[in-house]
Amino acid sequence: MAELWRSYGLPTTITVAEIVAIIVPLLLAVAYLTYAERKVLAAAQLRKGPNVVGPFGLFQPLADGLKLLMKETVIPSGANRVVFIAAPIITFMLSLVAWAVIPFDAGVVLANINVGILYLFAISSLGVYGIIMAGWSSNSRYAFLGGLRSAAQMVSYEVSIGFVIVSVLLIVGSLNLSDIVEAQKTVWFALPLFPMFIVFFISGLAETNRSPFDLPEGESELVAGFFVEYSSMTFALFYLGEYANMILMSAMTSILFLGGWLAPFNIQPFTGVLAHLWAAAWFFAKMAFVLFCFLWMRATMPRFRYDQLMRLGWKVFLPLSLFWLAATAAFLVFTGKLGA
């Protein structure tokens, strides 16, 4: 983002205002993603969805947040209080700090580091700790089983996600997220890497504990999984963290496979500030499309059994992503384009 500030003659130091400019819209997007999900599910089930609080039910997320804020935080008598409270805070904070390296346009990024994709992968790997802490500290068998499920699930699908990311990095020759987007000016990677695009999207569903892979929260056997003992704002932090991770995963999908802020056929009809708005609009439109697919999966797919979930990760996605990585490397070596 410093490059953009410099181009307009503004100070280049990272300020609180820049961070707020990312976090506030993100929190609003999280709130209204819950509204969008309820509307999409309602449409799929031929009902209305939220339609009482405000016009078209638009104030429903605000009413839900106010209700959770005013409720009492109940801590079980046998719980480890410090870890119990820290778990949702860690989960929520990790979903926010990852946005430091997400580019919204050329030069419009909070921290344009050369290992941005490595930073994102490290942050996503840390996300499992908040869930394990919640499951263990609650002193509940249901929560503990939910935490164990989530740990196994997230670790399993992170392996496939890692191989998919490495396949993209081999083509680009850089770990910088802006470079990955710029490398897609000719063709978006979703076309030549279509199988990896599908594997990444489905693995993203599992990584964020979304349907049909919401086994850690399986209410049919675990009541509510790892956050069964949480209430009020501690529950809301888990809820916000899950939806923020969905938005982050959609942003990563857009950057890695859908050309990020690039318009189809590299169309750029504007200059100056309008050019940045045009690029950001395309980036957000691609994110919205991926998020709609997240919600669509929940509306249409039944929940997997746990053995089916693990079999898909280890016996299907892992061999496929490993094979595609080897094939990509062989192709690049054969054509002399490795690391170009």
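Residues numbered from 1 in each chain as written. Predicted model: local features only at pLDDT ≥ 70, side-chain atom pairs only at ≥ 80, totals over all residues. Heavy atoms only, no water.

## Considering the packing of aromatic side chains
In the structure shown here, the tally under the stated rule is 19 aromatic pairs. Between Phe226 and Phe238, the aromatic rings sit 5.4 Å apart at their centres with planes inclined by 70 degrees, giving edge-to-face as the arrangement. Of this pair, Phe226 sits in the loop between helix 9 (219-222) and helix 10 (232-257) while Phe238 is found in helix 10, placing the two residues twelve residues apart along the sequence. Comparing Phe226 with Phe238, the two get one shared label, buried. Their ring planes at 75 degrees and their centres at 5.9 Å tell us that Trp278 and Trp282 sit as a pair that is edge-to-face. One end of the pair, Trp278, and the other, Trp282, are both in helix 11 (residues 273-300), four residues apart, so they sit about a helical turn from each other. Taking the relative accessible area as the measure of exposure, Trp278 reaches 24% and is therefore partly exposed. Feature note: the residues Phe84, Phe226, Tyr230 and Phe238 constitute an aromatic cluster, connected by ring pairs. (Phe/Tyr/Trp six-rings, centres within 6.5 Å; stacked < 30°, edge-to-face > 60°. Helix = DSSP H or I, 4+ residues; strand = E, 2+ residues; numbered from the N terminus. Buried < 20%, exposed > 50% of the residue type's maximum accessible area, 1.4 Å probe, protein only.)

## Structural notes on the confidence of the model for the protein
On average, the protein scores 85 in pLDDT, and the residues at 70 or more come to 92%. Ranking the helices and strands of the protein by mean pLDDT puts helix 8 (residues 194-207) first, with 92, and helix 1 (residues 2-7) last, with 53. (pLDDT = per-residue confidence, 0-100.)

## Observations concerning helix 8
Note that an α-helix has 3.6 residues per turn; residues three or four places apart therefore point the same way. Helix length check: helix 8, at 14 residues, gives a terminal C-alpha distance of 20 Å against a target of 20 Å (1.5 Å per residue), a fit within 8%. Structurally, helix 8 contributes buried residues whose contacts are with helix 5 (116-137), helix 6 (141-172), helix 10, helix 11 and helix 12 (306-335). Remark: Asn209 follows helix 8 within two positions and exhibits a positive phi of approximately 60 degrees. (Expected span 1.5 Å × (residues − 1). Contact = heavy atoms within 4.5 Å.)

## Some details on helix 12
The end-to-end C-alpha distance of helix 12, which contains 30 residues, comes to 42 Å, matching closely the 44 Å that a straight helix rising 1.5 Å per residue would cover. Where helix 12 bends most, the angle comes to about 35 degrees, and this point is Phe317, followed within four residues by the proline Pro319. Those residues of helix 12 that fall on the buried side of the exposure criterion are Leu309, Met310, Leu312, Gly313, Phe317, Leu318, Ser321, Leu325, Thr328 and Leu332. If you follow the buried residues of helix 12, they end up packed against helix 6 and helix 8. Looking at the residues trailing helix 12, positive phi occurs at Gly336, about 75 degrees. (Bend = angle between axes of the 7 residues up to and from the residue.)

## Some details on the side chain of Ser231
Tracing the chain through its elements places Ser231 in the loop between helix 9 and helix 10. At 3.4 Å, the side chain of Ser231 forms a polar contact with the backbone oxygen of Glu72. Those residues in contact with Ser231 that sit more than four places away from it in its chain are Glu72, Thr73 and Val74. (Polar contact = N/O pair within 3.5 Å; in protein donor to acceptor, adjacent residues only side chain to side chain.)

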